[in-house]
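One-letter residues, chain by chain:
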Amino acid sequence: MGGEKRVRSVAIVGAGAAGAVTASAFKAENYFERIRVFERRESAGGTWIYDANPQPELPVRPGSLPPDLDPPLEIPSNLPRVTAPDRQERFSKTPVYDSLTTNVPDIAMCYSDARFAYGPFVPHYIPRQYVENYFSLHKTDSLLELNTTVEDVARIPAEPNDSGRRDAWKLTLRKRDPLRDVDLWWEETFDAVVLANGHYSVPYIPQVQGLDAYIAKFPGRVVHSKYYRSPRVYADKRVVIVGNSASGHDLSSELVSTARLPVYQSRRSKSRWDGDEPPEGIEWKPVIREYLPDAGRGGGGRIVFDDGSTLDDVDAVIYCTGYKASSPRWASWACRGP
Ligand SMILES: Cc1cc2nc3c(=O)[nH]c(=O)nc-3n(C[C@H](O)[C@H](O)[C@H](O)COP(=O)(O)OP(=O)(O)OC[C@H]3O[C@@H](n4cnc5c(N)ncnc54)[C@H](O)[C@@H]3O)c2cc1C
Ligand SMILES: NC(=O)c1ccc[n+]([C@@H]2O[C@H](COP(=O)([O-])OP(=O)(O)OC[C@H]3O[C@@H](n4cnc5c(N)ncnc54)[C@H](OP(=O)(O)O)[C@@H]3O)[C@@H](O)[C@H]2O)c1
């Protein structure tokens, strides 16, 4: 490969666990002329950053996928430019709840050259500190551009008759300046881009017959586990948990301490934690077949499960049904020019 074709500049999108180790590995090569890590949050840490106020008042839209929930921003013309701050929800807050601990031992979560402060299973702030410290440990903190969202990645094709050149990638970047309350927009071009932007930002709630009408009639009753922080909010409430993976298991277990018992857990499949019987205080239910907003005593709403059983007048339905990865605009980047 001729010198012109080599990758000398690289952008990393995201400063979570993946971005941290990518930056240190690239720096260790002592080869690249320019490495930049763009992170939309105010610090490194990714999934492990804790947001005390996750804004649960966001509208709940069953069945919607990231292209609808997290559409790309309109990019201003003539960059660089300073604009009024964008207020669109970008799902950048994390799902970390107060009691969250790691469910993977530290030996499996750590990089080979550094360990967690202690282990094996640790509170959520230990991996956050670890990822943040990893940047300073390797002196890659200076590569970080924080509060900066990569809004677009476009391919700049090499000139067809220039065999010595390779395609490049133009990033459109938006940095929030809280001091002036403005957004700064600009572009940078790199030989290569690493996407380390994570998978757990946009919550997913399945579409179920009657759910839209149920949400409209009882605003705030249906939420996603991304916005759950503490069982205290559910003291004496009649709660239904939907989902049986890590979030569904954790939330139903800890709600037993505060909610009205039993806590109902709607399960589609058996999880690796399940025994033959539900834990004390939890009642297992099958998948929800339908919501009837006007049924129940006083029209308080009814939930109908697949086995025909029903629940009336519940106070909260918490969907622990996971996430969909979101990369606005980027899905079509390979076939698009600048
Ligand atoms: C509730 C929960 C608990 C978990 N518990 C564990 C566990 O115990 N053990 C385990 O091993 N794994 C766990 N995971 C999985 C965990 O997410 C991964 O292990 C790992 O931390 C993911 O790292 P990442 O760098 O790939 O992504 P993330 O940590 O999500 O980092 C991606 C970063 O990219 C940034 N970003 C996204 N889009 C843009 C953009 N357009 N421009 C700029 N920046 C952007 C984000 O702000 C974020 O900081 C858990 C996940 C969740 C949701
Ligand atoms: N450290 C921790 O303790 C911790 C805590 C929470 C989350 N996490 C991590 O966070 C990530 C996300 O976990 P998660 O539990 O939020 O999501 P998840 O692992 O994607 O699980 C989604 C759950 O929702 C169910 N589901 C999906 N669609 C459904 C539908 N239409 N009807 C009924 N059920 C449906 C799934 O059932 P099926 O199994 O049948 O598909 C599954 O039980 C994982 O990596 C997990 O390990 C870790």
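Residues numbered from 1 in each chain as written. Chains lettered and ligands numbered in written order. Predicted model: local features only at pLDDT ≥ 70, side-chain atom pairs only at ≥ 80, totals over all residues.

As summarised here, the arrangement of the 4 strands in space is 4-2-1-8, forming an open sheet in which the pairing is parallel. At either margin of the open sheet sits one strand with a lone partner, and together these are strand 4 (144-145) and strand 8 (192-195). Direction of pairing for strand 2 (residues 34-38) relative to strand 4: parallel, over a ladder of 2 bridges. The residue bridging V37 from the neighbouring strand is L144, located in strand 4. (Pairing = 2+ DSSP bridges. Helix = DSSP H or I, 4+ residues; strand = E, 2+ residues; numbered from the N terminus.)

Okay, the domain arrangement of the protein chain next. When its domains are assigned, the protein chain resolves into domain 1 (9-201) and domain 2 (205-321). Here the C-alpha centre of domain 2 lies 33 Å away from the C-alpha centre of domain 1. Taken together, the contacts link 10 residues of domain 1 with 17 residues of domain 2. By residue class, the composition of the side of domain 1 that touches domain 2 is 6 nonpolar, 3 polar and 1 charged. (Domains from an automatic or database assignment. Contact = placed C-beta atoms within 7 Å. Nonpolar A, V, L, I, M, F, W, Y, C, P; charged D, E, K, R; others polar.)

We now examine helix 4 (residues 125-137). Look at helix 4: 18 Å from first C-alpha to last across 13 residues, which is about the 18 Å you get at 1.5 Å a residue. Residues of helix 4 that are buried make contact with helix 1 (17-29), helix 3 (106-109) and strand 4. Of the residues trailing helix 4, K139 is marked for its positive phi of about 55°. (Expected span 1.5 Å × (residues − 1).)

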